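Given next are the chains, with one letter for each unit.
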Amino acid sequence: MRPLLLTHLLGATVLCGAVSGASAFAGEHEAQLRPVNMPPSADLHYTLKARQKGLSMSGEALVSWRVGEGKYSLVAETKAQLFGKILDSRSEGKIDNYGIAPDLFVEKRMRKEATTATFDRAAKTLSFNAGKDTYPLLGGEQDRSSAQWQLAALARAQPGKFTPGSEWRLFVAGRSSAQPWSFKVVNREKITTGLGEVEALHLVKAPPPGDKDQVIDLWLAPAHDWYPVQLRYSDEEGEFIEQTVDKISKK
């Protein structure tokens, strides 16, 4: 089994698994025009905890979200105990009729060269400096940093549709390829955060049947502008990485 903590934090394809080619998902990649309402600009600080091969680890993450004048930027920095700063990522682009519309997604891992996903709006093509696959831009495509914020924008615009069992599909770019994600709403739950007990909407991205990829759990907090307040990656062997918000500073 691959090491979950290092696989995620050091930038392997946790959020976007490898694909054999763009044509593999041609039938699943389609534009979906849906109402959106962007969360206001803020800095979010998260505490990080993980378990890998019986070893418990901790750390922190800082996410800077800025939106205004038809543009957005999303910058994240992650630090882990014993490793120091291990991951930097940057997503930037526009806000269009589909919501968040990335132009560029850059990820820098510890001791590795940065990887870039380029969303060429003029050519309507998604490409990668670390992979040969290209994909058509039809509208609504995300990168693996912006995806949770796109879900927040969708939920803010139509909270009544985020009911248990509802499904929300995105097409998401990773380091060297892209693939469809499907998030299902579980329920509203109370979770413990650095802000106190928070009611949050729980969504899950589970791997397809027979796929051993990690499960992604996401919690969005309606009382806190639907910001992502908790994110968890886990696998069938009990290993996990979880980040939970402890401070939100609106800008």
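Residues numbered from 1 in each chain as written. Predicted model: local features only at pLDDT ≥ 70, side-chain atom pairs only at ≥ 80, totals over all residues. Heavy atoms only, no water.

A. Up close: the overall build of the chain. Each helix and strand in the chain was counted, giving two helices and 15 strands. A fraction of 50% describes how many contacts in the chain between residues 6 or more apart in sequence connect residues 24 or more apart. Total accessible area computed for the chain in this model is approximately 11,400 Å², and 49% of it derives from carbon and sulfur atoms. (Helix = DSSP H or I, 4+ residues; strand = E, 2+ residues; numbered from the N terminus. Contact = heavy atoms within 4.5 Å. Areas by Shrake-Rupley, 256 points an atom, 1.4 Å probe, with all protein chains shown as cover.)

B. Fine view of the pattern of salt bridges. Following the criterion strictly, the structure yields 16 salt bridges and no others. When the shortest N-O distance is used, the salt bridge between Lys-94 and Asp-103 registers 2.9 Å. When its relative accessible area of 23% is taken as the criterion, Asp-103 is described as partly exposed. For Arg-169, the salt bridge is made with Glu-167, and the minimal N-O distance between the two is 3.3 Å. In this structure Arg-169 comes out as partly exposed when scored by relative accessible area, which is 44%. On the basis of relative accessible area, Glu-167 is assigned to the partly exposed category, the value being 35%. Among the ionic contacts, a cluster of salt bridges with common partners joins Glu-77, Lys-79, Lys-85 and Asp-88. (Salt bridge = Lys/Arg side-chain N within 4 Å of Asp/Glu carboxyl O. Buried < 20%, exposed > 50% of the residue type's maximum accessible area, 1.4 Å probe, protein only.)

C. Examining the layout of surface pockets more closely. A volume near 180 Å³ is recorded for the second largest pocket. Broken down by element, the residue count for the lining of the second largest pocket peaks at three residues, all from strand β10 (residues 167-173). (1 Å grid on protein atoms, 1.4 Å probe; cavity = no way out; pocket = protein on both sides within 12 Å on 5 of 7 lines; lining within 4 Å. Points joined across faces, edges and corners; volume = space filled by probe spheres on them.)

D. Representation of the nonpolar core. The biggest cluster of nonpolar side chains holds 23 residues, and the ones touching the most others in it are Leu-151, Phe-162, Phe-183, Leu-203 and Leu-220. Residue assignment for this core shows that the elements contributing at least two residues are β1 (42-52), α2 (147-157), β10, β11 (178-193), β12 (196-205), β13 (215-221) and β14 (227-234). If we ignore the near neighbours within four places in the chain, the residues touching Leu-203 are Phe-162, Phe-183, Lys-184, Val-185, Val-186, Ile-216, Asp-217, Leu-218 and Leu-220. Grouped together as the second largest cluster of nonpolar side chains are 21 residues, Leu-44, Val-63, Leu-74 and Ala-221 included. (Core = buried A, V, L, I, M, F, W, Y, C linked by side-chain atoms within 4.5 Å.)

E. Expanded view of the packing of aromatic side chains. Counted according to the given criterion, the structure contains seven aromatic pairs. On the numbers, 3.9 Å between centres and 10° between planes, the contact of Phe-162 with Trp-168 is stacked. Judged by relative accessible area, which is 6%, Trp-168 ranks as buried. By way of ring pairs, the aromatic residues Trp-65, Tyr-72, Trp-149 and Tyr-227 are connected into one cluster. Stacked on the ring of Phe-240, the Lys or Arg Arg-232 has its end atom at 4.2 Å from the ring centre. (Phe/Tyr/Trp six-rings, centres within 6.5 Å; stacked < 30°, edge-to-face > 60°. Lys NZ or Arg CZ within 6 Å of the ring centre and 35° of its normal.)

F. Highlighting unusual backbone geometry. Its identity is not glycine, yet Glu-69 carries a phi of approximately 55°, on the positive side. Within the secondary structure, Glu-69 is located in the loop between β2 (55-68) and β3 (71-80). Looking at Glu-69, the relative accessible area reads 83%, which means it is exposed. Its identity as a non-glycine residue notwithstanding, Trp-226 has a phi of 65°, on the positive side. A relative accessible area of 7% means that Trp-226 is categorised as buried.

G. Representation of the pairing of β12 within the structure. With respect to burial, β12 is a largely interior element, seven of its ten residues being buried. Both β11 and β12 contribute to a ladder of nine bridges, which runs antiparallel. Across the sheet, Lys-190 pairs through a bridge with Glu-199, a residue of β12. What sits between β11 and β12 in their antiparallel hairpin is a turn of two residues. (Pairing = 2+ DSSP bridges.)

H. How the structure looks around empty space enclosed by the protein. Per the counting criterion, the structure on display carries two cavities of 30 Å³ or more. Roughly 70 Å³ of internal volume is contained in the second largest cavity. For the lining of the second largest cavity, the elements supplying multiple residues, two or more each, are α2, β11, β13 and β14. If one sorts the elements of the lining of the second largest cavity by residue count, α2 sits on top with three residues. Within the lining of the second largest cavity, the residues separate by chemical class into nine nonpolar, one polar and one charged. (Nonpolar A, V, L, I, M, F, W, Y, C, P; charged D, E, K, R; others polar.)

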